[in-house]
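Chain by chain, the residues:
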Amino acid sequence: MDHVGRIYRPPSEARSLLLQVTEGCSHNRCTYCGMYRDKPFRAKPWSTIEADLKGAATKGKVSRRAFLCDGDALILSQRRLVQILEGIRAHLPWIRRMGIYGDTRSVNRKSVTELEQLRDLGLSIVYHGVESGDDEVLRFVDKGGTAAECITTAERLEEAGIIHSVIVLLGVGGVALSRQHSVNTGKLLTKMDPPFVAALTTTVIPGTPLGDLQARGDFELPGKFGLLEELYTMIEQADLCDCHFSSNHASNYLPVRADLPEDKPRLLATLRAVIDAGDEGLLRPEWMRGL
Ligand code: SF4
């Protein structure tokens, strides 16, 4: 496969065919993100993508799933996305499920009709980095969208029949915005009501704008138990109909999985017990954490 630079994918796509259709991220401004700073955004030529598909076809049924990389590949034009999805069907007809990263901008640029066309061609799931439900935090990290626009994103994906998997980011507002970040993220989750939510923990990366702020003393990440307090508040505030919630990403100090709403009392009780104990021995050690 023609993989340019480091390839990122959601944990649940670990066994998927990773088809890189763009390089980098068209936004590339989120202050905490260091994934594509050295990789200018570009759409890969169809000839390269088609060569990858032909190469994958010679290996046979290695995976029934495909994930389209890089950062926000859904930003591609409808014409190109249709060409890619049709190409996957033609060359790899055993692929049953296709996923992609899409942010608020890239989903909302598409009409429901266009999203339905992508679903009909096999696009099953969009992983959406919401990060925060608080507009002040979203501006602070230059996310390039608002909480209200995230609700539109959720509505469009639901109407189009595409699974919406939401990512929220603990600690991204720092100590200063911690409370409003967690309260408003929980409230936004209620309004979006997605079937999947994953919580990740902010890792401040040197060389990013957030790293520079931290180095100057202008940003302070909440402590380990402050981050868990954010997680507690988000879940407490979130009123979800049928959602699989997880914090099993390697960045987190406490991996949990829960089906909401039925597991909410148990999950909140677990989090409260760990926070109140204040025992770092109950948390994932630093050496086991990663981006
Ligand atoms: S949209 Fe995603 S990939 Fe792009 S800069 Fe922001 S966090 Fe990074």
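The structure this text deals with has already been given above.
Residues numbered from 1 in each chain as written. Predicted model: local features only at pLDDT ≥ 70, side-chain atom pairs only at ≥ 80, totals over all residues.

What to know about the overall build of the chain
Argument step 1. A count of helical and extended segments in the chain gives 10 helices and 10 strands.
Argument step 2. Relative to the globule expectation of 19 Å for 291 residues, the C-alpha radius of gyration of the chain, 19 Å, shows essentially globular dimensions.
Argument step 3. Within the chain, residue pairs in contact and separated by at least 24 positions form 81% of the contacts whose partners lie at least 6 positions apart. (Helix = DSSP H or I, 4+ residues; strand = E, 2+ residues; numbered from the N terminus. Rg over C-alpha atoms; globule rule 2.2 N^0.38 Å. Contact = placed C-beta atoms within 7 Å.)

Describing the environment of Gly-24
Argument step 1. Residue placement: Gly-24 occurs in the loop between β2 (22-23) and β3 (42-43).
Argument step 2. Using a count of 19 C-beta atoms within 10 Å as the deciding quantity, one classes Gly-24 as partly exposed.
Argument step 3. The spacing of Gly-24 and Pro-10 is 14 residues in sequence and 16 Å in space, taken between C-alpha atoms.
Argument step 4. Setting aside its immediate chain neighbours within four residues, Gly-24 contacts Tyr-36, Lys-39, Pro-40, Phe-41, Arg-42, Asp-70 and Gly-71. (Buried ≥ 20, exposed ≤ 12 C-beta atoms within 10 Å, placed from the backbone.)

Some remarks on the site of the ligand
Argument step 1. The environment of the ligand is made up of Cys-25, His-27, Asn-28, Arg-29, Cys-30, Cys-33, Met-35, Tyr-36, Gly-71, Asp-72, Asp-103 and Gly-129.
Argument step 2. When its residues are assigned to classes, the shell around the ligand shows 5 nonpolar, 4 polar and 3 charged. (Near = placed C-beta within 6 Å. Nonpolar A, V, L, I, M, F, W, Y, C, P; charged D, E, K, R; others polar.)

Things to note about the environment of Pro-40
Argument step 1. By the secondary structure assignment, Pro-40 is in the loop between β2 and β3.
Argument step 2. Residues Pro-40 and Arg-79, 39 residues apart in the sequence, show an inter-C-alpha distance of 22 Å.

Remarks on the sheet that holds strand β8 (residues 196-201)
Argument step 1. Strand order in the open sheet made by the 8 strands is β1-β4-β5-β6-β7-β8-β9-β10, with mixed pairing throughout. Among the strands making up the open sheet, the edge pair consists of β1 (17-20) and β10 (257-260). Here the strands of the sheet are splayed against their neighbours by 20° on average, with no regard to which way each runs.
Argument step 2. Bridging between strand β5 (residues 97-101) and strand β6 (residues 123-131) involves 4 bridges; their strand directions are parallel. (Pairing = 2+ DSSP bridges. Axes fitted to C-alpha atoms, helices over the stretch in contact; angles between N-to-C directions.)

Quick look at unusual backbone geometry
Argument step 1. Of the consecutive residues Cys-69 and Asp-70, the connecting peptide bond is found in the cis state with omega at 10°.
Argument step 2. With respect to the helices and strands, Asp-70 occurs in the loop between β4 (65-69) and α2 (78-91).
Argument step 3. For the bond from Leu-260 to Pro-261, the omega torsion is 15°, close enough to zero to count as cis.
Argument step 4. Structurally, Pro-261 can be placed in the loop between β10 and α10 (264-277).

Notes on the packing of helix α1 (residues 46-59) against α2
Argument step 1. α2 packs onto α1 with a crossing angle of 20° between their chain directions and a minimal axis gap of 10 Å. When the axes of α1 and α2 are compared, the pair comes out roughly parallel. Along this stretch, α1 crosses α2, giving a crossing that reads as right-handed. Two secondary-structure elements touch here, α1 through Trp-46, Ile-49, Glu-50, Leu-53, Lys-54 and Ala-57 and α2 through Gln-83, Ile-84, Gly-87, Ile-88 and His-91.
Argument step 2. Split by residue class, the contact of α1 with α2 holds 6 nonpolar, 3 polar and 2 charged. (Parallel < 35°, antiparallel > 145°, perpendicular 65-115°, else oblique. Left-handed = near helix turned anticlockwise from the far one by under 90°.)

Quick word on the nonpolar core
Argument step 1. Grouped together as the largest cluster of nonpolar side chains are 74 residues, with contacts concentrated most on Leu-68, Ala-73 and Leu-231.
Argument step 2. With 6 residues, helix α9 (residues 224-237) is the largest single contributor of residues to this core.
Argument step 3. Every residue in contact with Ala-73, bar those within four places of it in the chain, is listed here: Val-21, Thr-22, Leu-68, Ile-100 and Tyr-101. (Core = buried A, V, L, I, M, F, W, Y, C linked by C-beta atoms within 7 Å.)

Brief notes about helix α6 (residues 147-160)
Argument step 1. With 14 residues, α6 should reach 20 Å at 1.5 Å per residue; the first-to-last C-alpha distance of 20 Å fits that figure.
Argument step 2. Buried within α6 we find Ala-147, Cys-150, Thr-153, Ala-154, Arg-156, Leu-157 and Ala-160.
Argument step 3. Considering only its buried residues, α6 is in contact with α3 (104-108), α4 (112-120), β6, α5 (135-140), β7 (163-170) and α7 (178-192).
Argument step 4. Following α6 by one or two positions, Gly-161 adopts a phi angle in the positive range, close to 75°. (Expected span 1.5 Å × (residues − 1).)

Here's the deal with the pairing of β8
Argument step 1. Across the 6 residues of β8, 5 count as buried, placing the element largely inside the fold.
Argument step 2. Across 6 bridges, β7 lies against β8 in parallel orientation. When the bridges of β8 are listed, Ser-165 appears paired with Phe-196.
Argument step 3. Handedness of the crossover joining β7 and β8 through α7: right-handed.
Argument step 4. For β8 and strand β9 (residues 243-246), the ladder comprises 3 bridges, and the chain directions are parallel. When the bridges of β9 are listed, Ala-198 appears paired with Ser-246. (Right-handed = clockwise from strand over helix to strand, strands pointing away.)

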